[in-house]
2 protein chains.
Amino acid sequence: MAVDETVRQHKFLLDESQMPTAWYNIIPDLPEPPPPPLHPGTHEPVGPEDLMPLFPMALIMQEVSQDRYIEIPGAVQDIYRQWRPSPLMRAHRLEKALDTPARIYYKYEGVSPAGSHKTNTSVPQAYYNAVEGISKLTTETGAGQWGTALAFACALFGLECEVWQVGASYDAKPYRRLMIEAFGGEVHRSPSDLTNAGRMLGANPANQSGSLGIAISEAVEAAVSDPTVRYALGSVLNHVLLHQTIIGEEALKQMAMAGDDPTLIVGCTGGGSNFAGLSFPFLREKMAGKINPRILAAEPASCPSLTHGVYAYDFGDTAGMTPLMKMHTLGHDFVPDPIHAGGLRYHGMAPLISHVYELGLMEAQAVPQTECFAAAVQFARTEGIVPAPEPTHALALAVREALKAKETGEETVILTALCGHGHFDLAAYDAYLNGRMEDEAVSEERFAAGLATIPVV
Amino acid sequence: MAVDETVRQHKFLLDESQMPTAWYNIIPDLPEPPPPPLHPGTHEPVGPEDLMPLFPMALIMQEVSQDRYIEIPGAVQDIYRQWRPSPLMRAHRLEKALDTPARIYYKYEGVSPAGSHKTNTSVPQAYYNAVEGISKLTTETGAGQWGTALAFACALFGLECEVWQVGASYDAKPYRRLMIEAFGGEVHRSPSDLTNAGRMLGANPANQSGSLGIAISEAVEAAVSDPTVRYALGSVLNHVLLHQTIIGEEALKQMAMAGDDPTLIVGCTGGGSNFAGLSFPFLREKMAGKINPRILAAEPASCPSLTHGVYAYDFGDTAGMTPLMKMHTLGHDFVPDPIHAGGLRYHGMAPLISHVYELGLMEAQAVPQTECFAAAVQFARTEGIVPAPEPTHALALAVREALKAKETGEETVILTALCGHGHFDLAAYDAYLNGRMEDEAVSEERFAAGLATIPVV
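Residues numbered from 1 in each chain as written. Chains lettered and ligands numbered in written order. Predicted model: local features only at pLDDT ≥ 70, side-chain atom pairs only at ≥ 80, totals over all residues. Heavy atoms only, no water.

Participant: Describe the overall build of chain A, and please don't skip the residues or the numbers.
Facilitator: The helix and strand inventory of chain A stands at 19 helices and 15 strands. In terms of principal-axis extent, the alpha carbons of chain A reach across some 65 × 50 × 45 Å. For chain A, with 457 residues in total, the buried portion stands at 65%. Put simply, 77% of the contacts in chain A that link residues at least 6 apart link residues at least 24 apart. In chain A, which carries 31 positive and 53 negative side-chain charges, the distance between the mean positions of the two groups comes to 6 Å. (Helix = DSSP H or I, 4+ residues; strand = E, 2+ residues; numbered from the N terminus. Buried < 20%, exposed > 50% of the residue type's maximum accessible area, 1.4 Å probe, protein only. Contact = heavy atoms within 4.5 Å. Lys, Arg positive; Asp, Glu negative; His and termini not counted. Charge placed at Lys NZ, Arg CZ, Asp CG, Glu CD.)

Participant: Please give an account of the relation of the copies chain A and chain B that cites residues and values.
Facilitator: Relative to chain B, chain A is turned by 180° and slid 0.0 Å along the rotation axis, the superposed coordinates differing by an RMSD of 0.0 Å. Both copies are brought into coincidence by an operation consistent with a two-fold rotation axis. Taken together, the interface assignments show that 100% of the residues at the interface of chain A recur at the interface of chain B, consistent with an identical surface on both copies. (Least-squares fit on C-alpha atoms with pLDDT ≥ 70 in both.)

Participant: Which residues make up the packing of helix 16 (residues 369–383) of chain A against helix 18 (residues 426–433) of chain A, and what values go with them?
Facilitator: Residue and element names in this part refer to chain A. Closest axis-to-axis distance for the helix 16/helix 18 pair is 10 Å, and the angle between their directions is 105°. Comparing their axes, helix 18 and helix 16 come out roughly perpendicular. Judged by residue contacts, T370, F373, A374, A376, V377 and R381 of helix 16 engage A428, Y429, Y432 and L433 from helix 18. Classifying every residue of the contact of helix 16 with helix 18 gives eight nonpolar, one polar and one charged. (Axes fitted to C-alpha atoms, helices over the stretch in contact; angles between N-to-C directions. Parallel < 35°, antiparallel > 145°, perpendicular 65-115°, else oblique. Nonpolar A, V, L, I, M, F, W, Y, C, P; charged D, E, K, R; others polar.)

Participant: So, the sheet that holds strand 4 (residues 88–90) of chain A: which residues are in play, and what are the values?
Facilitator: All names here are of chain A. A sheet is described by the order of its strands in space; here seven strands give the open sequence 1-4-5-15-10-11-14, paired in mixed fashion. This sheet does not close on itself; its edge strands, each paired only once, are strand 1 (11–12) and strand 14 (363–367). Where strand 11 (residues 294–300) meets strand 14, five bridges bridge the pair, whose relative direction is parallel. Note on strand 14: the bridge partner recorded for L296 is E363. Along the sheet, helix 12 (residues 246–258) makes contact with strand 1, strand 4, strand 5 (103–108) and strand 15 (413–418), crossing strand 5 at roughly 140°. Contacts between helix 13 (residues 273–287) and the sheet are confined to strand 5, strand 10 (264–268), strand 11 and strand 15, with strand 11 contributing the most and set at about 165° to the helix. (Pairing = 2+ DSSP bridges.)

Participant: Give a description of helix 5 (residues 119–131) of chain A that names residues and reports values.
Facilitator: Side chains of residues three or four places apart in an α-helix project in the same direction, reflecting 3.6 residues per turn. Residues and elements named next belong to chain A. Taking 1.5 Å of rise per residue, 13 residues should cover 18 Å, and helix 5 covers 18 Å from first to last C-alpha, within 8% of that figure. With respect to burial, helix 5 is a largely interior element, twelve of its 13 residues being buried. Listing the buried residues of helix 5 in full gives T119, N120, T121, S122, V123, P124, Q125, A126, Y127, Y128, N129 and A130. At the C-terminal side of helix 5, G133 shows a positive phi close to 85°. (Expected span 1.5 Å × (residues − 1).)

Participant: Can you break down the pairing of strand 15 of chain A residue by residue, with the values?
Facilitator: All names here are of chain A. A large share of strand 15 lies buried, amounting to six of its six residues. Here strand 15 shows a buried face lined by V413, L415 and A417 and a second buried face lined by I414, T416 and L418. When strand 5 meets strand 15, the two strands line up parallel, connected through six bridges. In the sheet register, Y108 faces strand 15, and the bridge partner there is L418.

Participant: Please provide a residue-by-residue account of empty space enclosed by the protein, values included.
Facilitator: Per the stated rule, a full pass over the model turns up seven cavities of 30 Å³ or more. Contributing to the lining of the largest cavity are 36 residues, with A:Y108, A:V111, B:Y108, B:G110 and B:V111 lying nearest its centre. For the lining of the largest cavity, the residue count by class is 21 nonpolar, 13 polar and two charged. Space inside the second largest cavity adds up to approximately 70 Å³. Here the lining of the second largest cavity takes five residues from helix 11 (residues 238–258) of chain B, the largest share from any one element. The residue makeup of the lining of the second largest cavity, split by class, is seven nonpolar, five polar and no charged. Taken domain by domain, the makeup of the lining of the second largest cavity includes at least three residues from each of domain 1 (11–21 + 80–115 + 240–451) and domain 2 (22–72 + 117–238) of chain B. (1 Å grid on protein atoms, 1.4 Å probe; cavity = no way out; pocket = protein on both sides within 12 Å on 5 of 7 lines; lining within 4 Å. Points joined across faces, edges and corners; volume = space filled by probe spheres on them. Domains from an automatic or database assignment.)

Participant: Report on the side chain of B:T329, specifying residues and quantitative values.
Facilitator: All names here are of chain B. Mapping T329 onto the fold places it in strand 13 (residues 324–329). A polar side-chain atom of T329 sits 2.8 Å from the main-chain amide nitrogen of G331. In contact with T329, not counting residues within four places along its chain, are S305, G309, V310, A312, D314, H347, G348, L451 and I454. (Polar contact = N/O pair within 3.5 Å; in protein donor to acceptor, adjacent residues only side chain to side chain.)

Participant: Residues and numbers for the interface of chain A and chain B, please.
Facilitator: Each partner contributes residues to the interface: chain A has 62 residues there, and chain B has 62 residues. Across the interface of chain A and chain B, roughly 5100 Å² is buried in total on both sides, 55% from carbon and sulfur atoms. The interface formed by chain A and chain B includes four salt bridges. Across the salt bridge formed by A:K11 and B:E16, the nearest N and O atoms sit 3.5 Å from each other. On inspection of chain A and its partner chain B, the count reaches 31 residue pairs in polar contact (both at pLDDT 80 or more). Counting only elements with at least two residues in the side of chain A that touches chain B, the list comes to helix 3 (74–80), helix 5, helix 6 (145–157), helix 8 (174–182), helix 16 and helix 18 of chain A. The element that contributes the greatest number of residues to the side of chain A that touches chain B is helix 8 of chain A, accounting for six residues. Looking at the side of chain A that touches chain B residue by residue, the class counts come to 34 nonpolar, 13 polar and 15 charged. (Buried area = accessible area lost by both parts, 1.4 Å probe. Salt bridge = Lys/Arg side-chain N within 4 Å of Asp/Glu carboxyl O.)

Participant: Explain the sheet that holds strand 8 (residues 186–190) of chain B residue by residue, including any values.
Facilitator: Residues and elements named next belong to chain B. The four strands are arranged 8-7-6-9 in an open sheet whose pairing can be described as parallel. Strands at the two margins of the open sheet, each flanked by one partner only, are strand 8 and strand 9 (229–231). Neighbour to neighbour, the strand axes of the sheet diverge by 25° on average, direction disregarded. With three bridges connecting them, strand 6 (residues 136–141) and strand 9 associate as parallel partners. Residue pairing in the sheet places L137 in a bridge with R230 of strand 9. Sitting on the sheet, helix 10 (residues 212–224) is in contact with strand 6, strand 7 (160–166), strand 8 and strand 9, with an inclination near 170° to strand 6.

Participant: Quick one: what's the story with the pattern of salt bridges, residue by residue and with numbers?
Facilitator: All names here are of chain A. Tallied over the full model, the rule gives 44 salt bridges over all chains. Between R84 and E109 there is a salt bridge, with its nearest N and O atoms 2.7 Å apart. Residue R84 is found in the loop between helix 3 and strand 4, and its partner E109 is found in the loop between strand 5 and helix 5; the two are separated by 25 residues along the sequence. With respect to class, R84 is no different from E109; both count as buried.

Participant: Could you give me a rundown of helix 6 (residues 145–157) of chain B, with the residues and numbers involved?
Facilitator: All names here are of chain B. Helix length check: helix 6 (13 residues) gives 19 Å between terminal C-alpha atoms against 18 Å at 1.5 Å per residue, within 8%. Of all 13 residues making up helix 6, twelve are buried, and the element is well covered by its neighbours. In the stretch just after helix 6, G158 is the one whose phi turns positive, near 70°.

Participant: Outline the domain arrangement of chain A, listing residues and values.
Facilitator: Residues and elements named next belong to chain A. The assigned domain composition of chain A is domain 1 (11–21 + 80–115 + 240–451) and domain 2 (22–72 + 117–238). Placing a centre on the C-alpha atoms of domain 1 and another on those of domain 2 gives a separation of 22 Å. Interface area for domain 1 against domain 2, summed over the two sides, is near 4500 Å², with a carbon-plus-sulfur share of 65%. For the pair domain 1 and domain 2, the number of links is one salt bridge.

Participant: Give me the lowdown on the environment of A:H39, citing residues and values where you can.
Facilitator: Residues and elements named next belong to chain A. Summarising the element assignment, H39 is placed in the loop between strand 2 (22–24) and helix 1 (48–51). Remark: the alpha-carbon pair of H39 and F447, spanning 408 residues in sequence, is separated by 26 Å. Once residues within four sequence positions are removed from consideration, H39 is found in contact with E44, V46, D50 and L324.

Right, here's the structure in full:
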């Protein structure tokens, strides 16, 4: 058999000394500021003091900062440098399999200790809490990516870490829980009997399998009831998106190494932190007129907050305890189908991304999950990496665009965010490969019912 | 809280263009040649023609090559370059936790698509078979590392891949099987009813949980009965060890980047390929008088072929169908305790490593598994990587030596092989963390019974 013996460059690597030393805050560069979060009772803008029981002051100040760049503390840089800068990869073999003239690049965050981009924010969150003398962080986790990342970060700063995991995931995906425990974190099945919220909500048999909303309520309650404990959130908020921008800052340098300018940047959106992390630094360059890529969010057909939601003030959690945030939302009571991309099953979109979308600076498309897994299997069998279910949404749109380029002959350079590996999600591949995966049931009635729960502000 | 803000260098990275382009064959550099394998019937040395039903000619020639360097084909280099050169890491945080003056480095192979060093040989094995027109490879796998690596490699060269997995592992570790399937491989529970060996051995209820010996018999039978099919082995043989030497060749360059010479090189040994891969290039430099590290094999207390076995001709498989190889062996009938490091449960040691050991060029120590997992958990909570159970044996010895350095004040620079991540082995961590892991029962009577099965040659 004739085998192609060409040796090509696959990775565009930066040395540790080339790692960005600041995060990028897009807010001062936007043509108008994002609407502020409102107090759920008074409907007045939330002040820093309202958030102090939940977050350390440094993160609260980052949440409202007008500085374009925020320096990454030395201790955080030191930890990042174990796996960062993460590789930018050229998908030569996927291109060949698609027989496309498009050039496809992926920024791979699966090299982090927890296997996803989540460590980019868990490490600084643990750091700022440690500096302010906090002894423990609480959080919720669904499939477990975020809980793993926070447990890792807490281990490095000597913090305790207590995680409420959605009951259904706790039962079905024991390996994620075990990884959190290997890092020294403590995991509770939610609803638990450790909190008032858990006991109250758990009394209803319908709630026994849990939800992110319930788990958030438990983690928040555990944090606010002890002054040495704080809460940590893995997406949605401005400071979380800020920490992720190191992805895009690195990718800008790496695309320059590759000598290519992306015509399309595509990332998956759940809460939005992975997407913002890759795209905001490119959007800065685009707003400055230096490059002109399309910027595209890939969302699941089951939970399409950007393409099917409305832009309105809504609660961040199901129980309605958080501040009201102006965002694209399907309604805080909306419960999406139990698709395999658990990280994308959030009723709202990060307020900052929602604002950028309203400003017309980006696009969004929804993708059904079987198309995502078809792309994922093709990717695994050519590029050798089994992606987490979440980034398969972006891969599916990358494949669509690469095939379009084959038709039109238009020069297409795709950059996608491969935000994590799928080592703990192989049951989803099993379902797909053995014909047991169905596309989401998408009904306008269900969307309408969810939208009806959005409060009038 | 005072947080150390020092930014240190953690990774010593080579660019793709600095990747070694040849494998190192230690045989011509040894003071005497290793004894040849013998035909099980005639006890005469095995000739290339005896191996042709099993392996492609290129690999058979590598098995007996006297060339010091064998060029890596372009197509193999091209695939290696996706994740190679792999990182050499300095374990700053582990050093600090141990409060040791020793400097600890680890060469991390978990960045490969299959998560271990096994892809270093699965890719060239698939390549040489593809070039010679083979359409399918068969193999056995225990816990699944090797099966995953071979399925990945076969996917890239358009080969089918058929894997017989030890029944007990097939039942207990579904995620490894799912990963093989995601790469397009086919997995059978062994003993299966697809082969004569499987039907015959499977008829005995005692064999229902399977063994590597039975799985090898099935994979070999499936290969030899079809001229377009060959068999692939993941360790033990000379050509497999050869392919792994890229690890040590890279590490030599990376230790030079770090400006350090190791005083101790320690790797785990099952079949021996990971250990040989790291240590043989350093041994070349040691034999040339350029450096003088101790070279130490870490083996499990349950299966200590170097420290408790004898150096004799024995079969590679339990059924006694393979050529006789001169090696350190506990006897081909020896069944080790079901420890969590499945990759180290092999009755023999690679003939080439056995020969090097007999020549006095290396040392070996056996380690009980709870000491390994204690080291692994400390490593995970400081370095952020959850190691596979196999390399925890080397980590445990690295920790022993680092603590010794603290006592003696002797300058100690440790280089260890972290040959894979433990994402699919978290049940072992669960057992350790929750007090359900016991050390191996090591009885001289059992060792004696195994040794009694070694044939008289």
